[in-house]
4 protein chains.
Amino acid sequence: MDSKSLTRVRTDLALEAKNSISEDNSAIKGVRVTEEKDCKNNINIIRMDVLNRNGAQIIGRPVGTYITMEVPNLAQPDNGSHREISKALAGQLRGLITDAYHWDTRIPKILVVGLGNRDATSDALGPKVISNLFITRHIVEYMGYEEVEGAFAVTSAIVPGVMAQTGMDTCEIISAVIKKTKPDLLIVLDALAARSIRRLNSTIQITDTGIHPGSGVGNDRKAITKKTMGIPVIAIGVPTVVDASTLIYDSVKRNNVEEPIQISEEFANMYVTSKDIDAIIKRMSFTISEGINICMGFEE
Amino acid sequence: MDSKSLTRVRTDLALEAKNSISEDNSAIKGVRVTEEKDCKNNINIIRMDVLNRNGAQIIGRPVGTYITMEVPNLAQPDNGSHREISKALAGQLRGLITDAYHWDTRIPKILVVGLGNRDATSDALGPKVISNLFITRHIVEYMGYEEVEGAFAVTSAIVPGVMAQTGMDTCEIISAVIKKTKPDLLIVLDALAARSIRRLNSTIQITDTGIHPGSGVGNDRKAITKKTMGIPVIAIGVPTVVDASTLIYDSVKRNNVEEPIQISEEFANMYVTSKDIDAIIKRMSFTISEGINICMGFEE
Amino acid sequence: MDSKSLTRVRTDLALEAKNSISEDNSAIKGVRVTEEKDCKNNINIIRMDVLNRNGAQIIGRPVGTYITMEVPNLAQPDNGSHREISKALAGQLRGLITDAYHWDTRIPKILVVGLGNRDATSDALGPKVISNLFITRHIVEYMGYEEVEGAFAVTSAIVPGVMAQTGMDTCEIISAVIKKTKPDLLIVLDALAARSIRRLNSTIQITDTGIHPGSGVGNDRKAITKKTMGIPVIAIGVPTVVDASTLIYDSVKRNNVEEPIQISEEFANMYVTSKDIDAIIKRMSFTISEGINICMGFEE
Amino acid sequence: MDSKSLTRVRTDLALEAKNSISEDNSAIKGVRVTEEKDCKNNINIIRMDVLNRNGAQIIGRPVGTYITMEVPNLAQPDNGSHREISKALAGQLRGLITDAYHWDTRIPKILVVGLGNRDATSDALGPKVISNLFITRHIVEYMGYEEVEGAFAVTSAIVPGVMAQTGMDTCEIISAVIKKTKPDLLIVLDALAARSIRRLNSTIQITDTGIHPGSGVGNDRKAITKKTMGIPVIAIGVPTVVDASTLIYDSVKRNNVEEPIQISEEFANMYVTSKDIDAIIKRMSFTISEGINICMGFEE
């Protein structure tokens, strides 16, 4: 048999997972949702706190904070709005970092990881963000902290590659580098899969729960979390694809088919993406890298 | 209203267009189909001749020859089978060129065009093939024909880019270059859209009818044919994507929905592609470029 | 014999050519040099007008205007100074265009050409600038001039590639596209060769004399000028390399060798470039593309 | 003062280091040189064994084996000779691995590291070789050794990036990954600096002594050796650049200047490379990756 009944709809967005249970923001016990609109800049920020095991079980995501930035201009050519998106991202990111890592006198060391395959356009968001970051760890190591005075953090970065190219689990590489270089906090960047095409390239998810199995465009990931890495993990993701199976499932359902749906196995390695994904990824990765640079205190 | 009834299923493969009318190879008047299997190398070659206006109207393609090479190993890592695919392609291509261009003493000048967007992985097949071709026109111009003695043709090549990047119709650029450099024949390379996922990255279509509106991953193409260009045009294409709307239409139909299907406008700019399309494009473009090099007499 | 006496030192910078004759700005008849310093932004603009045949013969450059922008920050990471460089470039470019093309009611159509090999880092400046330009010709063609109201020009662009890849002279491709799409003016971008390492990546040359044989990193260029193209040609260039032979010649001379110098033929295809040329090209191409976008009225 | 007297000529090739002391292959005590010519394939293999501390001190390289493959066709378009180069490399590599690692029943795990900056053409050799390797460690981890039966080794690979992009010493990243994934042997790939332009892109150096400070195009390297990594290290390198200072020094000397030579500091970050380095790197990296694949038993 070369087909299967689809039992679980795939999405990496916690907000979509919640909305597939209930669109009502106050209906789920153990989940608190607050919303903040910046109409001038067309930025909508939805903060979802999964407060306890009950909330976690219902929406199928770990306890923690999930910030969903709805930014319709993210994929559009920059008409001045991207700077505002970068600044809003910087603010949200700084909030989550401050909550996750309580330092005293020394500024923290942050390792930024660009997940994904740099050779596959829709999966290259992480590697492309890295290439525009302001990196300072080596400067501090060789010349001292005074060289980065006023910065929010000391930064290092790595693009670990994907398992088919390295033969190693991505989380093996990351945890090895953490053990050796001892950062205080991890930021992980990744291209995500959404359930709805409407979410593609117009949503940024920031969470302090890290990355979980099955996330991302590839399927070779193990969890990258505080538990597995030993330090706080903030994940930043943008959905760039929809799973082909998920798309078909939803489309068939929307056409009121009642019977169980058969989806061919041949869709297993297929995804749906935008026709001008190359230009979109270029713009989005720049805007996100600028957000991180601003958060780190390297730009204004 | 943000949805539409899909009236036409999209495919760039003439064989899929024919099969959607009738799977029976002898059933359509004015269309002749012959098949040739190379079991040893797992290559299946289906030649479809659209003989007259009747055949053309029924399957919705111009009169001409459509060669469909079914090559399941094309996207696989090379275990020795790619050389055989290159050779088979070279043979088919040489046949079509010989039919299209009747020369006498001088070897023909052939311009090869790599259509598509080099920055979008699934559309980059054409540009990537070009970068591996053996180019000789400038050698002949500066040093004479004796430098390419024994070659089948003198070659030049161009990657015109896509309209969003150039502001020009691709066919404007090509016809301008033809007028200036006076090649005898045009070979056009393009990534195609298939109807069936099963066809992706495992089919090569070679045709003497050129490229027609609506073909290719982008939608900014005008016809590139003998009529518009003034010289014979051979098109080589490999399907790398399926239109999202087509996929949904077929999936819903397959689940026996009877009512007219509503497909949201948001799918208009979306396509379905393989998760490891980057590595696949790299392999396929090399194999096809080698096929062209062999055809031109630069390799064996 | 595998060596030669170097008779001519190679530079694409007109200012270097002049200075090798005389460092005194008022000493050469038929050449007028004026200088303008913007100390705040660390930009020094030297305008050299070659007024007549006498001046042209002495410094070995055609009659016309050569603007040399000395911008030490050009290759540095952007600390805010790049916006000022873009604006200064926009102003100079607009001045030269206004002098070269006298229009009446309709805004001009400008074709921008990115010369060079996109696969060779130090030669990729032109292609990389193109990929960040705001292109509008197709919008105007399909939707009318009102879509670009307020713009300074309508833009199209092409990356013709290099002769080894296309088999065609670059100027053949450009003149073909001009004939077909009828722009009013040409802007040509190119990576240049300087004589002095001190000039690398810190100088922008803008000239209304176009591109002349022997210029650029490659050596396969014919002239791209108003005479050969039929429309005014503005060339923008940045030196990214020094010819290996030139470097050796100067170094030996500086060490007071009196005899004629023998420079081995093996240096003929060699050039000197900066170790971090990749990051430098990325920054410079962005700053220059922004300068062109500002000049065209698409940004402020 | 902005210049210095050059006291040491830079080369990463042990054979050039030896030849600068004595061209006579039997003249240096503690160094044994043997040569093997394959005239048919135009491959010349020079094996230099630095036998003891005396030899090491004289030529300034650690005790160990240095194999220099002189392969004039390496940078040329493939006319069939590249397969022979790959096979010869595979043979030499297998010899060094067999000497360095004495296993019993289990096949060894080998980690291949692609040093250098993938964004700088002449430094991208290592990263480009990696992208064409056959990688099997993850297959063995998930499905067992029987999946790679007949292979010479189990392979994993990493492209660590350069310090300016990661903020980390390259050797920190490598030793971290070694500690975590426990390979038995390391193969390190790197673009090298030669003293002579004649050596560029036509020499492969294979050594069991690893990588030493100051090697490579960049200057941010610490030693990667059996001592620092804890496992045998085989380094494969191809010279793609000549240091600008070294070039000038040699050129001035060749013109019989007697006085001490002053070389300006501005040359410190400059190197000399070939004009078509992009196409050369592409060819060479493919040929070398095929050599490694053959050595590992994945091809013939």
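For the structure itself, look to the data block above.
Residues numbered from 1 in each chain as written. Chains lettered and ligands numbered in written order. Predicted model: local features only at pLDDT ≥ 70, side-chain atom pairs only at ≥ 80, totals over all residues. Heavy atoms only, no water.

1. Looking at the overall build of chain A
Okay, step 1: When helices and strands are tallied, chain A shows ten helices and eleven strands.
Okay, step 2: The globule rule puts the C-alpha radius of gyration for 300 residues at 19 Å, and the 19 Å found for chain A is close to it.
Okay, step 3: If one aligns the C-alpha atoms of chain A with their principal axes, the spans along those axes are about 65 × 45 × 40 Å.
Okay, step 4: Expressed as a percentage of the 300 residues in chain A, the buried residues total 63%.
Okay, step 5: For chain A, the proportion of contacts with a sequence separation of at least 24, taken over those separated by at least 6, is 74%.
Okay, step 6: Carbon together with sulfur atoms contributes 48% to the accessible area of chain A, which is approximately 12000 Å² in total.
Okay, step 7: Measuring between centres, the 34 positive side-chain charges of chain A sit 3 Å from its 37 negative side-chain charges. (Helix = DSSP H or I, 4+ residues; strand = E, 2+ residues; numbered from the N terminus. Rg over C-alpha atoms; globule rule 2.2 N^0.38 Å. Buried < 20%, exposed > 50% of the residue type's maximum accessible area, 1.4 Å probe, protein only. Contact = heavy atoms within 4.5 Å. Areas by Shrake-Rupley, 256 points an atom, 1.4 Å probe, with all protein chains shown as cover. Lys, Arg positive; Asp, Glu negative; His and termini not counted. Charge placed at Lys NZ, Arg CZ, Asp CG, Glu CD.)

2. Looking at the pattern of salt bridges
Okay, step 1: In the structure shown here, the tally under the stated rule is 44 salt bridges over all chains.
Okay, step 2: Of the charged contacts in the structure, one is a salt bridge between A:D250 and A:R195, with a shortest N-O distance of 2.8 Å. One end of the pair, A:D250, is in helix α9 (residues 244–254); the other, A:R195, is in the loop between β7 (185–194) and β8 (203–207), and 55 residues separate them in sequence.
Okay, step 3: A salt bridge links B:R199 to B:E70; the shortest N-O distance between them is 2.8 Å. Within this pair, whereas B:R199 is found in the loop between β7 (185–194) and β8 (203–207), its partner B:E70 is found in strand β4 (residues 64–70), the two being separated by 129 residues in sequence.
Okay, step 4: What emerges from the salt-bridge pattern is a single network uniting A:R10, A:D12, A:D243 and B:K275. (Salt bridge = Lys/Arg side-chain N within 4 Å of Asp/Glu carboxyl O.)

3. Focus on the packing of helix α3 (residues 81–100) of chain C against helix α10 (residues 277–295) of chain C
Residues and elements named next belong to chain C.
Okay, step 1: Closest axis-to-axis distance for the α3/α10 pair is 7 Å, and the angle between their directions is 50°. On the basis of their axis angle, the class for α3 and α10 is oblique. In this structure, the crossing between α3 and α10 has a hand that is right-handed. Where α3 abuts α10, its residues H82, R83, I85, S86, K87, L89, A90, L93, R94 and I97 lie against R283, T287, I288, E290, G291, I292, I294 and C295.
Okay, step 2: Here the contact of α3 with α10 is composed, by residue class, of nine nonpolar, four polar and five charged. (Axes fitted to C-alpha atoms, helices over the stretch in contact; angles between N-to-C directions. Parallel < 35°, antiparallel > 145°, perpendicular 65-115°, else oblique. Left-handed = near helix turned anticlockwise from the far one by under 90°. Nonpolar A, V, L, I, M, F, W, Y, C, P; charged D, E, K, R; others polar.)

4. Structural notes on the packing of aromatic side chains
Okay, step 1: Taken as a whole and assessed by the stated rule, the structure comprises four aromatic pairs over all chains.
Okay, step 2: The interplanar angle of 50° and the centroid separation of 4.9 Å between the aromatic rings of D:F134 and D:F298 together place this pair among those described as tilted. Linking D:F134 in the loop between α4 (125–130) and α5 (137–143) with D:F298 in the segment after α10 (277–295), this pair joins segments that are 164 residues apart in sequence.
Okay, step 3: The aromatic ring of B:F152 is capped on one face by B:R94, whose charged end is 4.2 Å from the ring centroid. (Phe/Tyr/Trp six-rings, centres within 6.5 Å; stacked < 30°, edge-to-face > 60°. Lys NZ or Arg CZ within 6 Å of the ring centre and 35° of its normal.)

5. So, the relation of the copies chain C and chain D
Okay, step 1: By a simple turn and slide, chain C fits onto chain D: the slide is 0.0 Å along the axis, the RMSD is 0.1 Å, and the turn is 180°. Such a combination of rotation and displacement between the chain copies is what one expects of a two-fold axis. Within chain C, C:V272 has its C-alpha nearest the rotation axis, a separation of 2.1 Å.
Okay, step 2: In this assembly, 100% of the residues forming the interface of chain C have copies in chain D that are likewise at the interface, indicating an isologous arrangement. (Least-squares fit on C-alpha atoms with pLDDT ≥ 70 in both.)

6. Regarding the side chain of B:S22
Okay, step 1: Here B:S22 lies in the loop between α1 (14–21) and β2 (31–38).
Okay, step 2: Among all residues touching B:S22, those that are not within four sequence positions of it are B:A27 and B:I28.

7. Examining the interface of chain C and chain D
Okay, step 1: Facing 34 residues of chain C, the contacting portion of chain D comprises 35 residues.
Okay, step 2: Taken as a group, C:N255, C:Y271 and C:K275 account for 25% of the area that chain C buries against chain D, more than any other trio of residues on that side.
Okay, step 3: The tally of links between chain C and chain D comes to two salt bridges.
Okay, step 4: As a salt-bridge pair, D:K275 and C:D243 come within 3.6 Å of each other at their nearest N and O atoms.
Okay, step 5: At the level of elements, α9 (244–254), β11 (270–274) and α10 of chain C are the ones that each hand at least two residues to the side of chain C that touches chain D. (Buried area = accessible area lost by both parts, 1.4 Å probe.)

8. Quick word on helix α1 (residues 14–21) of chain C
Okay, step 1: Along α1(C), the residues that are buried comprise C:A14, C:L15, C:E16, C:A17 and C:K18.
Okay, step 2: Tucked inside the fold, the buried residues of α1(C) contact β2 (31–38), β3 (43–50), α2 (53–59), β4 (64–70), β7 (185–194) and β8 (203–207) of chain C.

9. Observations concerning the pairing of strand β6 (residues 154–158) of chain D
Okay, step 1: With five of its five residues buried, β6(D) lies for the most part within the structure.
Okay, step 2: Burial along β6(D) is two-sided: D:V154, D:S156 and D:I158 facing one way and D:T155 and D:A157 facing the other are all buried.

10. A closer look at the environment of D:Y101
Residues and elements named next belong to chain D.
Okay, step 1: By the element assignment, Y101 lies in the loop between α3 (81–100) and β5 (109–114).
Okay, step 2: Overall, Y101 belongs to the buried group, its relative accessible area being 17%.
Okay, step 3: Taking C-alpha positions, Y101 is 8.8 Å from I231, a pair spaced 130 residues apart along the chain.

11. Considerations on unusual backbone geometry
Okay, step 1: In this model, C:N201 sits at a positive phi of 60°, which is unusual for a non-glycine residue.
Okay, step 2: Residue classification places C:N201 among the buried residues on the basis of a relative accessible area of 4%.

12. Considerations on the pairing of strand β8 (residues 203–207) of chain D
All names here are of chain D.
Okay, step 1: A large share of β8 lies buried, amounting to five of its five residues.
Okay, step 2: Burial of β8 is two-sided: the residues T203, Q205 and T207 facing one way and the residues I204 and I206 facing the other way are all buried.
Okay, step 3: As paired strands, strand β4 (residues 64–70) and β8 are joined by five bridges and run antiparallel to one another. Bridge pairing in β8 places M69 opposite I204.
Okay, step 4: As paired elements, β8 and strand β9 (residues 233–243) share three bridges and run antiparallel to each other. If you follow T207 over to β9, its bridge partner there is A235. (Pairing = 2+ DSSP bridges.)

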